[in-house]
Amino acid sequence: MRKTVHVELGERSYDVVIGPDLLAESGQLIAPLLRRKRVAVVSDENVARLHLESLRDGLAQAGIDMVALELPAGESTKSWPHFERTVEWLLEQKVERNDVVVAFGGGVIGDLVGFAASVLRRGVQFVQIPTSLLAQVDSSVGGKTGINAPQGKNLIGAFHQPSLVLADTSVLGTLTARDFLAGYGEVVKYGLLGDAEFFEWLELNGPGLSAGDMATRVEAVARSVQMKADIVARDEKEQGDRALLNLGHTFCHALEAATGYSDRLLHGEGVSIGCALAFELSARMGLCPQEDPSRVRQHLKTMGMKTDLADIPGELPGAQALLDLMGQDKKVVDGKLNFILARGIGQAFVTSDVAPSDVISVLEDALAER
Ligand code: GLY
């Protein structure tokens, strides 16, 4: 049931191994990267409580010793104070240039630890062991690392590719249904942006995947990672095609800002609503068939995901205020907003040619349904 996706980036190439029970084999898989049999693992308290001992055992199978740092769980960990603590802890552990640092957790841990590895002794190798669906299909692959600034999310960081990614699909079993479905928002995104056949496959297999079918989970993660690997190989530093991965994200970032990056809306939930809105906007502009937005929303609803602005609890600002929040997005170039729109399911493209009045009317309609 195991699959391996290769990310081809010349001397920075690496494998993403996907399958159940990989923690048990982590030692054997990581050993070829090591000069000495010792790794420094950074995790969060929740992941550590559930899975750190399995990782320790798996590493020990190959005679690898492990030291571990546990950070608090949650987005606020992606900040200077925890970054400083992590870097200093790694130095205290005497991590050397040829050692390997392991990021063991969801997107927050992967981003923070990857960034710490990028600056430690001017760059050490790191291995991603992503434990959330969102991290397995998106943030652990592609080398974007960083922390949040008071001015906005992910504004401080570096491109630093991992040396190996181990996506153990068994650990997804301990996620809450809400976290799992939030990650599924990023899976659907891949079908919507570039592979209509994958979207059809998800329409058929999504419910089984959500119920825990392991073969389907491995297949969905592997197909998502393959799409990301292909895009990253073409455009590592996001000068072009990589922006397609931001389908749904312009709307999502405005909604996350409007809800204060709180529990009211998880990132993957914002992506799901954002994808639905991006298809509404594409249909309104006459770019994609009129029936596509309802097909997208139908699948998201069948999966029990957040799909509409009405699914976000509490107050939301008006359409103009949401548009203004989009203007603060880091995808603004020369004052123009970049949108990822679609000519159909599986046919996304990047454009800055969008009339604000069209965005406003899509948002007004969506707000009116609340
Ligand atoms: N999450 C979008 C990217 O990695 O480019």
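Basis of the calculations
Residues numbered from 1 in each chain as written. Predicted model: local features only at pLDDT ≥ 70, side-chain atom pairs only at ≥ 80, totals over all residues. Heavy atoms only, no water. Helix = DSSP H or I, 4+ residues; strand = E, 2+ residues; numbered from the N terminus. Rg over C-alpha atoms; globule rule 2.2 N^0.38 Å. Contact = heavy atoms within 4.5 Å. Near = heavy atom within 4 Å. Polar contact = N/O pair within 3.5 Å; in protein donor to acceptor, adjacent residues only side chain to side chain. Areas by Shrake-Rupley, 256 points an atom, 1.4 Å probe, with all protein chains shown as cover. Nonpolar A, V, L, I, M, F, W, Y, C, P; charged D, E, K, R; others polar. Axes fitted to C-alpha atoms, helices over the stretch in contact; angles between N-to-C directions. Parallel < 35°, antiparallel > 145°, perpendicular 65-115°, else oblique. Left-handed = near helix turned anticlockwise from the far one by under 90°. Pairing = 2+ DSSP bridges. Expected span 1.5 Å × (residues − 1). Buried < 20%, exposed > 50% of the residue type's maximum accessible area, 1.4 Å probe, protein only. Phe/Tyr/Trp six-rings, centres within 6.5 Å; stacked < 30°, edge-to-face > 60°. Lys NZ or Arg CZ within 6 Å of the ring centre and 35° of its normal. Salt bridge = Lys/Arg side-chain N within 4 Å of Asp/Glu carboxyl O. Right-handed = clockwise from strand over helix to strand, strands pointing away.

## What about the overall build of the protein?
Helices and strands together make up the secondary structure of the protein, namely 13 helices and eleven strands. The C-alpha atoms of the protein give a radius of gyration of 20 Å, which matches the 21 Å a tight globule of 370 residues would have. The principal-axis extent of the C-alpha atoms belonging to the protein is close to 60 × 40 × 40 Å. Taking the contacts inside the protein whose residues are at least 6 apart along the sequence as the reference set, 74% of them involve residues at least 24 apart.

## A short note on the site of the ligand
In the vicinity of the ligand, the contacting residues are Asp138, Lys144, Lys228, Glu238, Arg242 and Leu245. A distance of 2.9 Å is found between an oxygen atom of the ligand and a side-chain nitrogen or oxygen belonging to Lys144. Here Lys228 contributes a side-chain N or O atom positioned 2.6 Å from an oxygen atom of the ligand. In the complex, the protein chains occlude 89% of the 200 Å² of accessible area that the ligand would expose alone. In terms of residue class, the shell around the ligand is made up of one nonpolar, no polar and five charged.

## Looking at the packing of helix α10 (residues 267-284) against helix α11 (residues 292-302)
Packed helix pairs are characterised by how far apart their axes lie and by the angle those axes make with each other. Look at α10 against α11: their axes get within 8 Å of each other, and the N-to-C directions meet at 165°. In terms of orientation, α10 lies roughly antiparallel with respect to α11. Seen from above, α10 lies across α11 with left-handed handedness. On α11, the residues that touch Ser272, Ala276, Phe279, Glu280 and Ala283 of α10 are Asp292, Pro293, Val296, Arg297 and Leu300. When its residues are assigned to classes, the contact of α10 with α11 shows six nonpolar, one polar and three charged.

## What about the sheet that holds strand β9 (residues 164-168)?
An order of β1-β2-β9-β6-β5-β3-β4 is seen for the seven strands of this open sheet, with the pairing classed as mixed. Two strands in the sheet have a free side with no partner beyond their single neighbour: β1 (3-7) and β4 (65-71). The sheet shows a mean angle of 20° between the axes of neighbouring strands, taken without regard to direction. In this sheet, β9 lies alongside strand β2 (residues 14-19) in parallel orientation, the contact comprising five bridges. Within the sheet, the bridge partner assigned to Val16 lies in β9 and is Val165. The strands touched by helix α2 (residues 45-60) within the sheet are β3 (38-44), β4, β5 (100-105) and β6 (125-130), with β3 carrying the most contacts at an inclination of about 160°. Relative to the sheet, helix α8 (residues 214-234) contacts β1 and β2, its axis offset from that of β1 by approximately 10°.

## Looking at the environment of His253
Its location among the elements puts His253 in helix α9 (residues 249-258). Residues His253 and Gly274 lie 21 residues apart in sequence; the distance between their C-alpha atoms is 8.7 Å.

## What about helix α4 (residues 107-119)?
The end-to-end C-alpha separation of α4 is 19 Å, in line with the 18 Å expected for 13 residues at 1.5 Å each. Taking burial as the measure, the 13 residues of α4 include eleven buried ones, the bulk of the element. Within α4, the full set of buried residues consists of Val108, Ile109, Gly110, Asp111, Leu112, Val113, Gly114, Phe115, Ala116, Ala117 and Ser118. At the C-terminal side of α4, Arg121 shows a positive phi close to 50°.

## Regarding the packing of aromatic side chains
Following the criterion strictly, the structure yields four aromatic pairs and no others. Pairing Phe83 with Phe115 gives two aromatic rings, centres 4.6 Å apart and planes at 20°, and the pair type is stacked. Of the two residues, Phe83 sits in helix α3 (residues 80-92) while Phe115 sits in helix α4, which places them 32 residues apart along the sequence. Of the two residues, Phe83 and Phe115, both sit in the buried class. Directly above the aromatic system of Phe349 lies the positively charged group of Arg343, at a separation of 3.8 Å from the ring centroid.

## Some words on the pattern of salt bridges
Two side chains that carry opposite charge are able to pair once their charged atoms sit near each other. Using the criterion set out here, one finds 23 salt bridges in the structure. What emerges from the salt-bridge pattern is a single network uniting Glu280, Arg297, Lys301, Asp308 and Glu369.

## Regarding the pairing of β4
Pairing between β3 and β4: seven bridges, direction parallel. Within β4, the residue paired with Val42 across the bridge is Leu69. For the handedness criterion, the β-α-β arrangement of β3, α2 and β4 is classed as right-handed.

## Comments concerning the environment of Asn148
Note that Asn148 resides in strand β7 (residues 144-149). In this structure, the C-alpha to C-alpha distance between Asn148 and Asp57, residues 91 residues apart in sequence, is 33 Å. Excluding its chain neighbours within four sequence positions, the residues that come into contact with Asn148 are Glu75, Lys78, Ser79, Lys153, Asn154 and Ile156. Among the polar contacts made by the side chain of Asn148, one reaches the main-chain amide nitrogen of Asn154 at a distance of 2.9 Å.

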